[in-house]
Amino acid sequence: MSLTAVVHDAAEVVTIAEDGELGVYEEAAIAVEDGEVVRVGPTGPVTREFPPENATHAVDATGKAAVPGFVDPHTHALFAGDRSDEFEAKLRGKTYQEILEDGGGILRTVRDTREASDERLLDNLVGHLDTMLAHGTTTVEVKSGYGLDTETELRMLEIIDRADDQHPVDLVPTFMGAHAVPQDRETDDYVEEVVAEQIPAVESQGVARFCDVFCEEGVFDVAQSRRVLEAGRDAGLTPKVHAEELSHIGGTKLAAEIGAASADHLLHATAEDIAALVESDVVPVLLPGTAFGLGAAYADARAFLDAGADVAIATDFNPNCHSQSMGFATSLACVEMGMTPAEALVASTANAASALDLADDVGTLQQGAPGDVAVIDAPSYVHVPYNFGVNTVETVLKAGEVVHRA
Ligand code: NIG
Ligand code: FE
């Protein structure tokens, strides 16, 4: 047994219990042994049993709050190119769909990603992971889906796997060949390619854990989405669905029927959809940054919470939603979606981990959970959403190792 870390004298340590309730310990400490949390409690007793001077990493958190490292359960963080001009076009009134119809949007990123070298792509992804880590994210889901052909989809998953090996942030890879229909292709014909060619290749590569689909008007309808997700499931990939983002076509019910790990976006979800998700234990992943960036109406987080759903939030970091910060997502969740800071913290840690089917109490700081900790440069976790537009994270530990200091 080796004492990896002791975070001591924190103004506050926040843990998350199985029922989703916060455990807030004042003047507290966390001891991490062999990468796992062994004790959380008042600094005196914890440091007597686990003296900081015996630890590989002793972190003095006087006056600061320590929370579970954030889990970002929905990103498209691997891409090449720059779409900042589309941000300006949207500000002038162009819609996301109009940009896509003009060959911009996802299809433009597909062109740039196909042309980029592996080294360029890896470098881009690692740069974004560095930013995420500095903002307290210790686990992140990353989707493929800017290849839209077997070769580039496999290349993306391979690069996600390489980044996972070399970066302290844990990566959860998702295959998303059904992210858009490539230019000059019929949708049914492309779905056939995803099912008959891409999914078998992804299965033999063995990197991806989930299979996601953009179930949206003008992209993949419910029947096409179902086909892709069933084929993915047969290949061992757990389904996820981009559902009711720009319109309402039934992706949420599909997620419930197929037993998806999560249904994501949900801006246009109805009360019936919400009931179906709760009934079938599908985690709703809300992405307030996307609504912010599009100037669209936000998902109705309160309706999900009041129905008893374990709501998660994510950044949706992608060229159309250019923020790597879970802290900013929590600010939007509180101010624009009516969540409390406590709900936003649970949504960005423990519930986000459930959306990724992560075992081992990831995102909780419970005994036995990984020692993934974000130390906030403020006395309470409330400062994460309260202090928007700046980064409140000072020190980050991954499995008890200090992996970032501001
Ligand atoms: O989650 N909705 C589809 N996919 C992304 C956007 C990707 C892009 O525009 O490049 C999303 O918002
Ligand atoms: Fe997305």
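Residues numbered from 1 in each chain as written. Chains lettered and ligands numbered in written order. Predicted model: local features only at pLDDT ≥ 70, side-chain atom pairs only at ≥ 80, totals over all residues. Heavy atoms only, no water.

So, about helix α2 (residues 84–91). Three or four residues apart is the spacing at which side chains of an α-helix point the same way, because the helix has 3.6 residues per turn. Residues of α2 that are buried include every one of Glu86, Ala89 and Lys90, and no others. Within α2, the buried residues cover an arc of 100 degrees as seen down the axis, which keeps them to one side. At its buried positions, α2 is contacted by α3 (96–101), α4 (106–115) and α11 (288–294). At the C-terminal side of α2, Gly93 shows a positive phi close to 115 degrees. (Buried < 20%, exposed > 50% of the residue type's maximum accessible area, 1.4 Å probe, protein only. Helix = DSSP H or I, 4+ residues; strand = E, 2+ residues; numbered from the N terminus. Arc of directions from axis to C-beta. Contact = heavy atoms within 4.5 Å.)

Below, the discussion takes up the coordination of the iron ion (ligand 2). Looking at the metal site, the iron ion (ligand 2) is ligated by His74 (NE2), His76 (NE2) and His242 (NE2), spaced 2.1 Å from it. Each donor residue of the iron ion (ligand 2) lies on one chain, and together they are spaced H-x1-H-x165-H. Here His74 is found in the loop between β6 (70–72) and α2, whereas its partner His242 is found in strand β10 (residues 238–243), with 168 residues between them in sequence. Here His242 falls in the buried class, since its relative accessible area comes to 3%. (Donors = N, O, S within 2.8 Å, 3.2 Å for Na, K, Ca; no water.)

This brings us to the site of ligand 1. Taken together, 15 residues lie near ligand 1, and Arg83, Tyr96, Tyr146, His179 and Glu245 sit nearest. In the model, an oxygen atom of ligand 1 is placed 3.2 Å from a nitrogen or oxygen of the His242 side chain. At a separation of 2.9 Å, an oxygen atom of ligand 1 approaches a polar side-chain atom of Asp316. By residue class, the composition of the shell around ligand 1 is five nonpolar, seven polar and three charged. (Near = heavy atom within 4 Å. Polar contact = N/O pair within 3.5 Å; in protein donor to acceptor, adjacent residues only side chain to side chain. Nonpolar A, V, L, I, M, F, W, Y, C, P; charged D, E, K, R; others polar.)

By the definition in use, this model includes four aromatic pairs. Measuring from ring centre to ring centre gives 5.7 Å for Phe79 and Phe317, while their planes differ by 50 degrees; the resulting arrangement is tilted. A residue pair is termed long-range when its members are at least 10 positions apart, and Phe79 in the loop between β6 and α2 and Phe317 in the loop between β13 (312–313) and α13 (326–337) qualify at 238 residues. An identical accessibility class is assigned to Phe79 and Phe317; each is buried. The structure contains a cluster of three or more aromatic residues connected by ring pairs, namely Phe79, Tyr146 and Phe317. For the cation-ring pair, Lys240 lies above Phe210, with the distance from its terminal atom to the ring centre recorded as 4.9 Å. (Phe/Tyr/Trp six-rings, centres within 6.5 Å; stacked < 30°, edge-to-face > 60°. Lys NZ or Arg CZ within 6 Å of the ring centre and 35° of its normal.)

Take Thr47: it is sitting in helix α1 (residues 43–49). On the basis of relative accessibility, which here comes to 18%, the residue Thr47 falls in the buried class. From its side chain, Thr47 meets the backbone oxygen of Thr43 in a polar contact 2.7 Å long. Excluding anything up to four places from it in sequence, Thr47 contacts Val6, His8 and Pro52.

Side chains of Glu18, Asp19, Glu21, Asp34, Glu36, Asp360 and Asp361 sit close together on the surface and give a patch of like negative charge. For Asp360, the location among the structural elements is in the loop between α15 (350–355) and β14 (373–376). (Patch = residues over 30% accessible without salt bridge, like charges linked within 9 Å, V, L, I, M, F, W, Y side chains within 5 Å. Areas by Shrake-Rupley, 256 points an atom, 1.4 Å probe, with all protein chains shown as cover. Salt bridge = Lys/Arg side-chain N within 4 Å of Asp/Glu carboxyl O. Lys, Arg positive; Asp, Glu negative; His and termini not counted. Charge placed at Lys NZ, Arg CZ, Asp CG, Glu CD.)

The next subject is the packing of helix α8 (residues 222–234) against helix α9 (residues 251–258). At a minimum axis separation of 10 Å, α8 and α9 run at an interaxial angle of 30 degrees. Looking at the two axes, α8 sits roughly parallel to α9. α8 and α9 meet at a crossing whose hand is right-handed. Residue-level contacts link Val222, Ser225, Arg226, Leu229, Glu230 and Arg233 of α8 to Gly251, Leu254, Glu257 and Ile258 of α9. Grouping the amino acids of the contact of α8 with α9 by side-chain chemistry returns four nonpolar, two polar and four charged. (Axes fitted to C-alpha atoms, helices over the stretch in contact; angles between N-to-C directions. Parallel < 35°, antiparallel > 145°, perpendicular 65-115°, else oblique. Left-handed = near helix turned anticlockwise from the far one by under 90°.)

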